[in-house]
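# Fold and geometry: a report
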Amino acid sequence: MSAASPLKETCELAVIGAGPAGLAAATLAAELGLATVLFDEQPGPGGQIYRSIAAPPLRERAILGADYWHGASLLAPFRASGADYRPATTVWSVSRGLEIGVSSGGVARLLQAKHVILATGALERPFPIAGWTLPGVMTAGAAQILLKSSGLIAEGKAVLAGTGPLLWLLAAQYLRAGGRIAALLDTTPRANWRDALPHLPGFLASPYFAKGRKLLAEVKRRVPVIRDVTALSAEGDGRLAAVAFRRAGGREERLAAGLLLLHQGVAPNVNLANSIGCAHAWDEAQLCFTPVVDGWGTSSVEGVAIAGDGAGIAGAAAAEHRGRLAALAAAVRLGRIAEVRRAREAAPHQSALKRAERGRAFLDALYRPAKGFRIPQGEVIVCRCEEVTARQISETVALGCSGPNQMKSFLRCGMGPCQGRLCGLTVSELIAEARGLSPADVGYYRLRPPVKPLTLAELAGLPRNPEAVAAVERG
Amino acid sequence: MFRRLPDASGDTVTLTVDGRAVTARAGDSVAAALLAAGILACRTTPVSGTARAPYCLMGVCFECLVAIDGRQNRQACLVAAAGGMVVETQQGKREVGR
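Residues numbered from 1 in each chain as written. Chains lettered and ligands numbered in written order. Predicted model: local features only at pLDDT ≥ 70, side-chain atom pairs only at ≥ 80, totals over all residues. Heavy atoms only, no water.

## Regarding the overall build of chain B
Let me state the cut-off plainly: Runs of H or I in DSSP of at least four residues are treated as helices and runs of E of at least two as strands, each being numbered from the N terminus. Two things to know: the radius of gyration comes from C-alpha atoms, and the globule rule equals 2.2 Å times the number of residues to the power 0.38. Contact between two residues is taken to exist if any of their heavy atoms lie within 4.5 Å; hydrogens are not considered. Reported accessibility uses the Shrake-Rupley method at a 1.4 Å probe radius. Residues are deemed covered only where the shown protein chains occlude them. Only four residue types enter the charge count, namely Lys and Arg as positive and Asp and Glu as negative; His and the chain termini do not. Where a charge lies is defined by one atom per residue type: Lys uses NZ, Arg uses CZ, Asp uses CG and Glu uses CD.
Scanning chain B from N- to C-terminus turns up one helix and eight strands. In sequence order, the secondary structure elements of chain B are arranged as β-β-β-α-β-β-β-β-β. What you see for chain B is a C-alpha radius of gyration of 13 Å, in line with the 13 Å of a compact globule of 98 residues. Projected onto its principal axes, the C-alpha positions of chain B cover 40 × 25 × 20 Å. Excluding contacts between residues fewer than 6 apart, the proportion of contacts in chain B whose partners are at least 24 apart in sequence is 38%. With an accessible surface of roughly 3800 Å², chain B has 50% of that area assigned to carbon and sulfur atoms. If the 11 positive side-chain charges of chain B are averaged to one point and the 8 negative ones to another, these points end up 5 Å apart.

## Regarding the overall build of chain A
Test applied: Throughout this description, buried means an accessible area under 20% of the type-specific maximum (1.4 Å probe, protein chains only), exposed means over 50%, and partly exposed covers the range between.
Looking only at helices and strands, chain A features 19 helices and 25 strands. Relative to a compact globule of 475 residues, whose C-alpha radius of gyration would be 23 Å, chain A shows 23 Å and is just as compact. In terms of overall dimensions, chain A has C-alpha extents of about 70 × 55 × 40 Å along its principal axes. Going through the 475 residues of chain A one by one, you find that 57% of them count as buried. Sequence separation of at least 24 residues holds for 66% of the intrachain contacts in chain A that already meet a minimum separation of 6.

## Examining the interface of chain B and chain A
Stated precisely, the cut-off is as follows: The term buried area denotes the loss of accessible surface (1.4 Å probe radius) that occurs when two parts are joined, taken as the sum for both partners. Throughout this description, the term salt bridge denotes a Lys or Arg side-chain nitrogen within 4 Å of a carboxyl oxygen of Asp or Glu. In the analysis that follows, any N or O atom pair within 3.5 Å is treated as a polar contact, provided that within protein one partner can donate a hydrogen and the other can accept it, and provided that, for residues neighboring in sequence, both atoms belong to side chains. All amino acids are sorted into three groups, where Ala, Val, Leu, Ile, Met, Phe, Trp, Tyr, Cys and Pro are nonpolar, Asp, Glu, Lys and Arg are charged, and the leftover types, Gly among them, are polar.
Contacts between chain B and chain A engage 37 residues on the former and 53 residues on the latter. For the chain B face of the interface with chain A, the top three residues by lost area are Phe-2, Arg-3 and Tyr-55 of chain B, together amounting to 21%. Remark: the boundary between chain B and chain A carries two salt bridges. As a salt-bridge pair, Arg-59 of chain A and Asp-7 of chain B come within 3.8 Å of each other at their nearest N and O atoms. Our count for the contact surface shared by chain B and chain A stands at 16 residue pairs in polar contact (both at pLDDT 80 or more). Secondary structure elements with two or more residues in the side of chain B that touches chain A: strand E1 (2-4), helix H1 (30-36), strand E5 (51-52) and strand E7 (71-75) of chain B. Looking at side-chain class alone, the side of chain B that touches chain A contains 22 nonpolar, seven polar and eight charged residues.

## Points about the nonpolar core
The nonpolar side chains of a soluble globular protein tend to be buried with one another. Where we set the bar: Buried residues of nine kinds, namely Ala, Val, Leu, Ile, Met, Phe, Trp, Tyr and Cys, make up a nonpolar core once their side-chain atoms join them within 4.5 Å.
Leu-185, Leu-232, Leu-260 and Leu-262 of chain A together with Phe-2 of chain B are the most contacted members of the largest nonpolar core, which has 168 residues in total. Cys-11, Ile-100, Ile-276 and Val-301 of chain A belong to the second largest nonpolar core, which has 23 residues in total.

## What about the environment of Ser-149 of chain A?
Take Ser-149 of chain A: it is sitting in helix H4 (residues 140-150). Residue Ser-149 of chain A is classed as buried on the basis of its relative accessible area, which comes to 10%. The spatial distance from the C-alpha of Ser-149 of chain A to the C-alpha of Leu-169 of chain A is 16 Å, given a sequence separation of 20 residues. Leaving out residues up to four positions away in the same chain, Ser-149 of chain A has contacts with Arg-51, Ser-52 and Pro-57 of chain A together with Gly-27 of chain B. Separated by 3.3 Å, the side chains of Ser-149 of chain A and Arg-51 of chain A make a polar contact.

## Side note on the layout of surface pockets
This is how the line gets drawn: Only protein atoms enter the 1 Å grid used here. Points where a 1.4 Å probe fits but cannot escape make up a cavity, open sets with protein on both sides within 12 Å along at least five of seven lines make up a pocket, and a residue lines them when an atom lies within 4 Å of a point. Grid points are joined across faces, edges and corners, and a volume is the space filled by probe spheres set on the points.
One number sums up the size of the second largest pocket: a volume of about 1500 Å³. As for the second largest pocket, its lining consists of 50 residues, of which Lys-452, Pro-453 and Leu-454 of chain A together with Phe-62 and Asn-73 of chain B are closest to the centre. The element contributing the most residues to the lining of the second largest pocket is E7 of chain B, with five residues.

## Thoughts on H4 of chain A
Owing to its 3.6 residues per turn, the α-helix aligns residues three or four sequence positions apart on the same side. Residues and elements named next belong to chain A. Most of H4 sits inside the fold, with eleven of its eleven residues counted as buried. Listing the buried residues of H4 in full gives Ala-140, Gly-141, Ala-142, Ala-143, Gln-144, Ile-145, Leu-146, Leu-147, Lys-148, Ser-149 and Ser-150. Count one or two residues on from H4 and you reach Gly-151, which has phi positive near 60°.

## What to know about the environment of Trp-168 of chain A
Residues and elements named next belong to chain A. Among the secondary structure elements, Trp-168 is positioned in helix H5 (residues 165-176). Trp-168 sits in the buried class, given a relative accessible area of 3%. Apart from the residues lying within four places of it in its own chain, the contact partners of Trp-168 are Leu-184, Asp-186, Leu-215, Leu-216, Val-219, Lys-220, Val-225 and Tyr-367.

## Some words on the pattern of salt bridges
Applying the stated criterion across every chain yields a total of 27 salt bridges over all chains. The closest approach of N and O atoms between Arg-391 of chain A and Glu-379 of chain A, which form a salt bridge, is 2.6 Å. Note that Arg-391 of chain A is positioned in helix H14 (residues 390-398) and Glu-379 of chain A in the loop between helix H13 (371-374) and strand E24 (381-383), a separation of twelve residues in sequence. Arg-391 of chain A sits in the partly exposed class, given a relative accessible area of 35%. Residue classification places Glu-379 of chain A among the exposed positions, given a relative accessible area of 52%. Arg-384 of chain A is the partner of Glu-63 of chain B in a salt bridge, and the nearest nitrogen-oxygen pair spans 2.7 Å.

What follows is the structure in C-alpha cells.
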C-alpha cells in the first residue's frame, strides 16, 4: 500500500466484501504479490454466511453445523497473506475510473485502485405480505445472525414461513440450540416438483442431497410443517400478534405468534455493481437480476470483476472458488502473472467450482417462490421506506408509467434509504406483470452513488489540495 | 422476545437506550442489544409515523435507524455495542445537525 499523495491512497487491487468470495480473492491476490486492500462494512470477517466466525459466541459447534465452521479455514490464510484489511468501512462509491469512496467512523476518504473485485454477496428476496412491516416480522437470515453473532434465540414460539434451503437450515439450528418453533409454513408451490425433476440426477450426485435429506428429517420430526401455503399475512396492532394463512383450496387459519421469520430465497446484492454501470441480465430461473460476467468474474466494466453470490447465487463453497478465479484474472490484468500460469493455477478452482455448483439447478427449480408471494396486490406495502403499496404502483402503471425509474418520479418508490434493496425486484415484477412483459424488458432501478448514505459533512471533509480549494472559495 | 443461550460467551457491556440502562454482550450489534433487552420498535417512519423494528440485521433494510452518541440515522445492526453508548430511538426523519 502506498500513499501517492495525502489526498488519495492507492492500491493495486481493492476487494469489496469479506465473505467467502472476498476473503478467498484477497488472500490469493496478496499471495500473488498484488497490493491488496479488503473493505468490509461489518466489524468482523465472514460476510453473512460465516458471520462472527472469527469470534463466535457459541461454544457448542453442533448448533450451527459443519458447513458454517468451514469458514474458519479462510481466516488464517487471509491474515498471513499480507492483504490490508479494513473492517467497519463502508464503500459508498466506485467510479468507472476505479476511484473508491469509503467511509469509516463517520470520515470519508477516497482510494484509487487499478482493479476492483466486488464480493458484496446476496440479500434475501423481498417477501411482501400484508403486515410484513410490523415489528416482530423479520427475515430468517436476521434470526440466524442473532444466533451466530449474539447467541440469541426467540423466546416463546416462532413461526417460520417461506421456501428455500436456508429456512430449513435455520429451523434445524434453532432446534439444536433448544429453541421452539410453532410451525413452518411451507410456501413451496407443489408444481415446482415437476419442474425440478429433470435436474434430479445432478442433485442426487451432489452433497446437497444427503445434507438436505438429513436436515428435513431433523426438522419434520419436531416441527409441524404445513405445506402448500398459498396465502400469508402478519396481523397485529403496532406489533405482530398472529399469522394468518391459507393452504391450497383451504380456509383461512390463524396462529398466535410473537415472531414471524420470512424467507423465500436470496438474490444478488446488485447496488454497487449497478451504480458502476455493470451490465445486468434477468435470470428467469432465479427470478432476479444478475451481473453479466465471464468465467473469471469479469464484468462489462473494464477493471471490475464480480465474485461470489453477488455474481449469481451459487452458495458459499462456489463463492470461494469464484473469488480465487477472479484473483487470478486480476493478476493477469495487472501484469503479475502470465495467462499460461493462470490457466494452470485456475484448473483446480474451476473443477472445485463445477462440483460446488452441482445440484443447484434442482434447488433453484424446487424452491422457486410462487408468483403470489413475489407480486403482491392491494394495500400490501411494496416499498417499505416510502410506504408505497402494490395498488399505488398498479394504478400508476395504468396511468402510463412504464418502468421502475419513472416510478421513482411518480411515487418515490425506490428512493428511500435502502435504495431498492427491499423493493426493487417486487417493483420490476409488478410493472412487468401489469404490462404483460418480462422483467427483462422492464428493467431495474438505475442506481447511483452513494450506494450507502453519507452526509454532506463527510463529503466536505474529503482531503482537498490547495488548487481545488482555490477553485471554489472566494477571496 | 429473545433470550441469550446459556452457552453464549462474551463480556457484559452496558449502554443506555432512551435513558434506560441496558445490558448487552461484547460482540452484539446495537440492534441485537435492543432486541435482547426486549426493545422491539426502534423508530417511527418519516412518512406516516408508524413503528418499525429491525428486519434484516445485515445492513440492507434500513429499518434499525437509531441515534447513537448524538448522531441519528445510524444503522444499529452495523454498529458494535460498546459500554457507555447512548442510544435513542428515532422519531421520523433525521434532524439536520444531529
